[in-house]
Structure formats: structure tokens, C-alpha cells
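Inside the fold
Here's the letter readout for the chains.
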Amino acid sequence: MAVHNADIAAVFQEIADLLALQDANPFRIRAYVNAARTIEGWPEELDLWVRRGHELEDIPGIGADLAGKIREILDTGGCAALQRLRRGFPAGITDLLRVPGLGPKRVRTLYRELHVETPEQLLRAARDGRIRELPGFGATSEKRILEAASAYVGREQRMPLAKAAAYAEALLAWLRGARGVRDAVIAGSYRRMRETVGDIDVLVSARHGGPVAERFVAYDEVDRVLAKGGTRASVVLKSGLQVDLRVVAPESYGAALVYFTGSKAHNIELRRMAQQRGLKINEYGVFRDGERIAGDTEASVYRTLELDWVPPELREDRGEIEAARRHALPELVELDDLRGDLHAHTTATDGRGTLEEMAAAARAAGLEYLAVTEHSKRVSMAHGLDAARLGKQIDAIDRLNDTLRGITLLKGIEVDILEDGALDLPDKVLARLDLVVGAVHSAFHLSRKQQTERILRAMDRPCFSILAHPTGRLLSEREPYDVDMERIVRHARQRGCFLELNAHPERLDLLDTHCRMARDEGVLVAVSSDAHAPADFGVLRYGIGQARRGWLEKGDVLNTRALRDLRKLLAGTMRG
DNA sequence: GCCGTTTTCGGCCCGACTGTTTTCAGTCG
């Protein structure tokens, strides 16, 4: 069985958790946590990375010891050090560390004194009033733990960005009405456009924090207040979303924005650099010998480190700091750069807008062309098109294009890639189209090798333009299927076809690291809405966010091309 | 456990809030 980076990261995270419960050296614990994070975000499977002759020790934060453990995990699937650590604790106790308000010290006390091993047992202990008797705990702590444990037991995962954005942006508008607010933004993973957010960080620039915090906790969607001070407050909204507020003075706003935008790894790197220069960076500014030398804007903070301003989407400590130092940051693609959309459905299959309505909505969204790409017959529950119905739609689009102004419809299909890699419609039918978008909607369980080769075979058909949602994941429902994305990216370059970044908030597929692979390999990415209704073109915003996280520039995105140029590129994929 | 053009030893990011303290530990971001 193949070992994935996520598996290795999970081993290191669990080792870190167990070491923390043992009260081990905190820096040793951090080394495991850092390694887990680095490996989780590594753009290539370490299995392959090693087989291609790379040295694990070249990965930052991986030394001789961790490299040895990675090799062990790759070879055996297990890790003896983890097995040894596990013997000291009941299985699953590390889940308790995920309960907000509990850290290693308190988990250890709860286990030693009350034999609490699971969140469910924690909940019972809190309900029975046993926790308040423990040293270092009290009635208030017990009540908090009770709330946190019940929330954890019935918890929701991280919330998709688009859903969180709706709640957060409404709150932000409310907060801007507070007295003395000069500026207010949502920082954190929202600003970095991560695909999901755990909570929302709101940053406000104001001389006095009090009135802002008052208005914050008075928001009518607040379910409960977790904390409230003069510069900081936390609430949980009725939607379950936690929101943290920080208020800083205008001269500190830029430093605070850097600090609360993160990522944590990016910030740690900035501080390390600052330290080397005898500077100190915190959320209030950049200081030399106690004197503030920067901090009112983000650019001023980066400037003290001789760095260019780094767009938030890049702040993941994946090479952006080095690029900022060399003045070599990418000029990231923007929403306005999109000239068209290459994946949409209509009422002919499972969409909720007619051809005319979808065309009008796309034009209203500022697009110049829209590819209509219905499902093919295999997807029967969406009334997928057969050859005859596709023929009728082709004729309908030709007729409509004669009357449309300001937008051009392209004739396409989202054709199913069958289990053996064949396409769901004959080549000569596909050859009538402007583009063919191929997609996997079945047999998700295939082995990595089978799944990969299935897709490569499909790409090699005479008509194949774009691989839709390449990993098949659905954020709240379905893991990605097992596929070798490097082979797919390389094959796309050799074949001359393209990859889709599906902007649907539940998909956002390609992943950011895959975008970067595509860019490095010179494969163009189509940022597509997969719109099923006229209002759906709004999701392109999230697709662009993900593309930016993947370092894509305007030139790396297929549908920034003018229609003429796009047609030429698509024609090259339609050899049938 | 990692790391190094001040270092192979001795550092490792840092401040706010809370509860239970009576000067601070634990947790969080």
C-alpha cells in the first residue's frame, strides 16, 4: 500500500501530541509539529521524491532523525517510536487535545485523576461535576469544558470558505458602524483564501477598542461570548462559526494585519529574519531597541526586512519569502483577468438556467465567452446527453450565437471518463465540438495506478481539451480519489491539453499545490465555475483565490485568453 | 529534534486573556 504524505504527517502529529502529554521538551515537540506541517504541504509525494534521488534531509526542518523515521514509515507503513509512545497512553486520548480549552497539561490531569480518555467521557465528567474538584480547575472551567466537549462531540469540520464568507462579511459590515473605526478587515485564512476556515479573524484599526468590542458582542447573530477585553474578544455565532476580534491603533495596523493574516509558518519566518537583524516584530510594529520603526502598513513591515510586499494568498512559507527577497514574486492572476468560463450546465441536463439565461448571466458577470458543457449519457441522474440530444444542443447554440451580443457560447461537453479510460461518446460526435471537458464521476475506489492510467488513457483520445475537477474531492463529503497528479500534469503537457481548477466551493479542485505543479510544468489551468444556475458565476472569485494560492499568473490561466487565441488553443486539443 | 558566514552548543516567536491564583500557569492564535 502506498504511503502518502498525509500519512507521514499524521504519524508526526501524533508523536508530537503524545510527547506533549509526556511533558517533553517543547522544542522537540515543535520539531515534530513543523515537520508534519511541512510534509502535509509538500507538493510531491515523498515516496516518489525519494525514489527520484532526492535527499529527505534537504527538506527544511527534517534532519537525520526525522529522515530516518520517514524512511521507516515509507518502507514499513509504521513507526516504532510512535508504537512505543502509544503504550504509555490509552488509544485515542490525543482527541482530547482537539477540544478547545484543553492542552496537554489539563488532559494529563483529567486522565490521571478522573480516567478521562475520550471526549464523551470528558462530557460525562463535566456533567457529573467531577472536574471542578481537580486542582487548577474550578466551576467556571468545568462549565467551559462542558460546552466545548458537547460542541466537539457534535462538531462540524472546518467550514468551506464561501459559506464562512457570507457570515463574516455581514459581521464586518456591522462592525464598521462602531464608533472610531478607521478600517476593518477579515484576516486569517479567509484573507489567504484557504479553501476552508476554522474560524474568522477580524482586525479593526481604531484608537479605542472598547466601543468596538461592545458592538462586536452585541451583534445579533452572536450565540455566546467566549472572551471580551479592551483590545480583543471572541464570540461563537449561531451558525457555529467562531469569530475573534482584535483592535489595534492605526500606527500598528499594518503589523497587526501581517500578524493576523498568517500563516503561522510565514510569520515565524519573518520574525526569525527580524531577529537576525536585531529587530523585533510583533502585532504592534517593528522595533529596534524598543523604538518603533515600522508597522502602519504591511509594506512598511516587509520593507524593514528588505522584502517585497507578499500577497496574502502566498503566505504559507512555501518559498514566497525567498521570492520576495529576490523581487521575484509572481504577478498573480486576478478575477478581472478572466475573459470567459469553460464549464457550465443548463436545463438540458441538471442545470437550472436555460441557454439564454446562462449566457445573459455570464455576460453580466463580465465574461466574453461561455462554454456549455453538459453531462454525457453515463450520468443518467443528471439526464446526461446522448449523441442525438448533443446534436440538437449544438444546433441550438449555433442559432443562439447568431443573435447574442457581447458574449459567445462555445460548444462543449463534460464527457464521462469511463472505468477503462474510454469516453462516454464516440470520437466523431465529440469532433463537432469546440472543446471536450473530460471528468471522472464513477469508480472512485480504483487503485492509484488504475485510476491514474484510466485518466491518462482518456487524455490520449483524439478529442480531449480539459480534465475537469482532477481529484474528485468534495470538501465536506468525499476524499479525493487516489491519483498520481504528477504523472497527470506531465502527461497533460505532452498531450497538449489543460487542467481545470473547478471553482465550486465544495470542490476547489485542482488543489493549490497542484496548480503550482502545473505552472512549473507549463500546463495551462482553466479556472471554471461549473455553474448550474445563473447566479453561480460568483464562485469564480474562489477559484481565482485558489489559483493565486497556487502561484498562477494571468498567463498561466487558459481562460484569460481572448476568444480568438482561446479557439486556437482549444483547436490544438481536437485532433479527431 | 533542528540548525549554523557570530554558533556543532545553546538557542528555538511572542503577547493577550482566563481562571485560579495571590504572582502565575495554561491555552490560544
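As the structure is a prediction and not an experimental result, all values here were calculated from the model.

**Some thoughts on the overall build of chain A**
- Assigned secondary structure in chain A consists of 23 helices and 17 strands.
- A compact globule built from 576 residues should have a C-alpha radius of gyration of about 25 Å, and chain A, at 26 Å, falls within 12% of that.
- Counting only residues that meet the buried cut, chain A has 54% of its 576 residues in that class.
- For chain A, contacts bridging at least 24 residues in sequence account for 69% of all contacts bridging at least 6.
- Put simply, chain A shows about 25500 Å² of open surface, and 48% of that area lies on carbon and sulfur atoms.
- Where the 84 positive side-chain charges of chain A centre and where its 86 negative ones centre are 2 Å apart.

**Points about the nonpolar core**
- Counting residues in each nonpolar core, the largest one holds 60 residues, and the members touching the most others are L409, I413, M459, I488 and L499.
- Sorting elements by how many residues they give to this core places helix α16 (residues 355-364) first, with 5 residues.
- Leave out the neighbours within four places in its chain, and I488 touches T452, I455, L456, M459, L467, V483 and L499.
- Counting 52 residues, the second-largest nonpolar core is a separate cluster that includes A20, I59, I145 and A148.

**Considering the pattern of salt bridges**
- Within this structure, the stated rule accounts for 41 salt bridges.
- Of the charged contacts, one joins D17 and R98 as a salt bridge, the two residues approaching to 3.2 Å between their closest N and O atoms. Separated by 81 residues along the polypeptide, D17 in helix α1 (residues 5-21) and R98 in the loop between α5 (80-86) and α6 (104-114) bring together distant segments of the chain.
- Residue class for D17 comes out buried when judged on its relative accessible area of 7%.
- According to the relative accessible area criterion, R98 is partly exposed, its value standing at 42%.
- Of the charged contacts, one joins E322 and R326 as a salt bridge, the two residues approaching to 3.3 Å between their closest N and O atoms.
- Beyond isolated ion pairs, a larger network of salt bridges with shared partners links R192, E316, R318, D512 and R549.

**Quick word on the protein's contact with DNA strand B**
- The immediate surroundings of DNA strand B are formed by 48 residues, with R30, G63, G101, G138 and R271 found nearest.
- Taken together, the sugar and phosphate atoms account for 74% of what DNA strand B places within 4 Å of the protein.
- Between DNA strand B and the protein, one listed contact pairs a phosphate oxygen with a side-chain N or O atom of Y32 at 3.4 Å.
- Broken down by class, the residue content of the surface near DNA strand B amounts to 17 nonpolar, 13 polar and 18 charged.

**Observations concerning the sheet that holds strand β10 (residues 291-294)**
- Spatially, the 3 strands line up as an open sheet ordered β8-β9-β10, and their pairing is antiparallel. Edge strands, defined here as strands with exactly one partner in the open sheet, are β8 (280-282) and β10. Mean inter-strand twist for the sheet, computed between neighbouring axes without regard to direction, equals 40 degrees.
- Of the strand pairs in this sheet, β8 and strand β9 (residues 285-288) are connected by 3 bridges, and their pairing is antiparallel. Opposite K280, over in β9, you have F287 as the bridge partner.

**Details of the UniProt feature "domain: Helix-hairpin-helix DNA-binding motif class" (unreviewed entry) in chain A**
- The UniProt entry lists residues 54-73, 94-113 and 129-148 under the feature "domain: Helix-hairpin-helix DNA-binding motif class" (unreviewed entry), expressed in the numbering used here.
- Overall, residues 94-113 shows 50% helix and 0% strand. The separation of its end C-alpha atoms is 17 Å.
- Annotation note: span residues 129-148, helix share 50%, strand share 0%, distance between end C-alpha atoms 15 Å.

**Looking at empty space enclosed by the protein**
- Under the criterion given, the structure shown has 1 cavity of 30 Å³ or more.
- Estimated volume of the largest cavity: approximately 50 Å³.
- Elements with a minimum of two residues in the lining of the largest cavity: α12 (253-261), α13 (264-276) and β8.
- Of the residues belonging to the lining of the largest cavity, the class tally is 5 nonpolar, 2 polar and 1 charged.

**Description of the domain arrangement of chain A**
- Taken domain by domain, chain A holds domain 1 (5-86), domain 2 (93-153), domain 3 (159-248), domain 4 (252-325) and domain 5 (335-571).
- Listed as interface residues are 11 residues of domain 3 and, on the opposing side, 11 residues of domain 5.
- Carbon and sulfur atoms supply 59% of the area that domain 3 and domain 5 bury against each other, a total of about 870 Å² over both sides.
- The largest per-residue losses of area from domain 3 upon contact with domain 5 belong to A162, M193 and E195, which jointly make up 58% of the total buried on that side.
- The tally of links between domain 3 and domain 5 comes to 2 salt bridges.
- Notably, a salt bridge pairs E195 with R473, separated by 2.9 Å at the nearest N-O pair.
- The interface formed by domain 3 and domain 5 contains 4 residue pairs in polar contact (both at pLDDT 80 or more).
- For the side of domain 3 that touches domain 5, the leading source of residues is helix α9 (residues 161-175), giving 4 residues.
- Partitioning the side of domain 3 that touches domain 5 into residue classes produces 6 nonpolar, 1 polar and 4 charged.

**What to know about the state of the cysteines**
- Considering all chains together, one arrives at 0 disulfides under this definition.
- C497 provides the cysteine sulfur closest to C463, a residue in no disulfide bond, and the two sulfurs are 12 Å apart.
- According to the relative accessible area criterion, C463 is buried, its value standing at 0%.

**Here we look at the sheet that holds strand β12 (residues 369-375)**
- Strands sit in the order β11-β12-β13-β14-β15-β16-β17 across an open sheet of 7 strands; the sheet is parallel. Strands at the two margins of the open sheet, each flanked by one partner only, are β11 (340-341) and β17 (525-528).
- For strand β14 (residues 437-439) and strand β15 (residues 466-467), the ladder comprises 2 bridges, and the chain directions are parallel. Note on β15: the bridge partner recorded for G438 is L467.
- The sheet contacts of α16 involve β12 and β13 (408-416), and relative to β12 the element is tilted by about 140 degrees.
- The sheet contacts of helix α23 (residues 563-571) involve β12, β13 and β16 (498-502), and relative to β13 the element is tilted by about 30 degrees.

**What to know about the pairing of strand β5 (residues 222-228)**
- Where β5 lies against strand β6 (residues 232-237), 5 bridges are found, and the strand directions are antiparallel. Directly across from V222, in β6, lies its bridge partner L237.
- As consecutive antiparallel partners, β5 and β6 are separated by 3 residues.

**A short note on the layout of surface pockets**
- Reported here for the second largest pocket is a volume of approximately 590 Å³.
- What lines the second largest pocket is a set of 27 residues, among which D350, H375, H441, R507 and H532 lie closest to the centre.
- A breakdown of the residues in the lining of the second largest pocket according to their chemical character gives 7 nonpolar, 9 polar and 11 charged.

Basis of the calculations
Residues numbered from 1 in each chain as written. Chains lettered and ligands numbered in written order. Predicted model: local features only at pLDDT ≥ 70, side-chain atom pairs only at ≥ 80, totals over all residues. Heavy atoms only, no water. Helix = DSSP H or I, 4+ residues; strand = E, 2+ residues; numbered from the N terminus. Rg over C-alpha atoms; globule rule 2.2 N^0.38 Å. Buried < 20%, exposed > 50% of the residue type's maximum accessible area, 1.4 Å probe, protein only. Contact = heavy atoms within 4.5 Å. Areas by Shrake-Rupley, 256 points an atom, 1.4 Å probe, with all protein chains shown as cover. Lys, Arg positive; Asp, Glu negative; His and termini not counted. Charge placed at Lys NZ, Arg CZ, Asp CG, Glu CD. Core = buried A, V, L, I, M, F, W, Y, C linked by side-chain atoms within 4.5 Å. Salt bridge = Lys/Arg side-chain N within 4 Å of Asp/Glu carboxyl O. Near = heavy atom within 4 Å. Polar contact = N/O pair within 3.5 Å; in protein donor to acceptor, adjacent residues only side chain to side chain. Nonpolar A, V, L, I, M, F, W, Y, C, P; charged D, E, K, R; others polar. Pairing = 2+ DSSP bridges. Axes fitted to C-alpha atoms, helices over the stretch in contact; angles between N-to-C directions. UniProt positions renumbered as here; feature names shortened; annotations may be inferred. 1 Å grid on protein atoms, 1.4 Å probe; cavity = no way out; pocket = protein on both sides within 12 Å on 5 of 7 lines; lining within 4 Å. Points joined across faces, edges and corners; volume = space filled by probe spheres on them. Domains from an automatic or database assignment. Buried area = accessible area lost by both parts, 1.4 Å probe. Disulfide = S-S within 2.5 Å.

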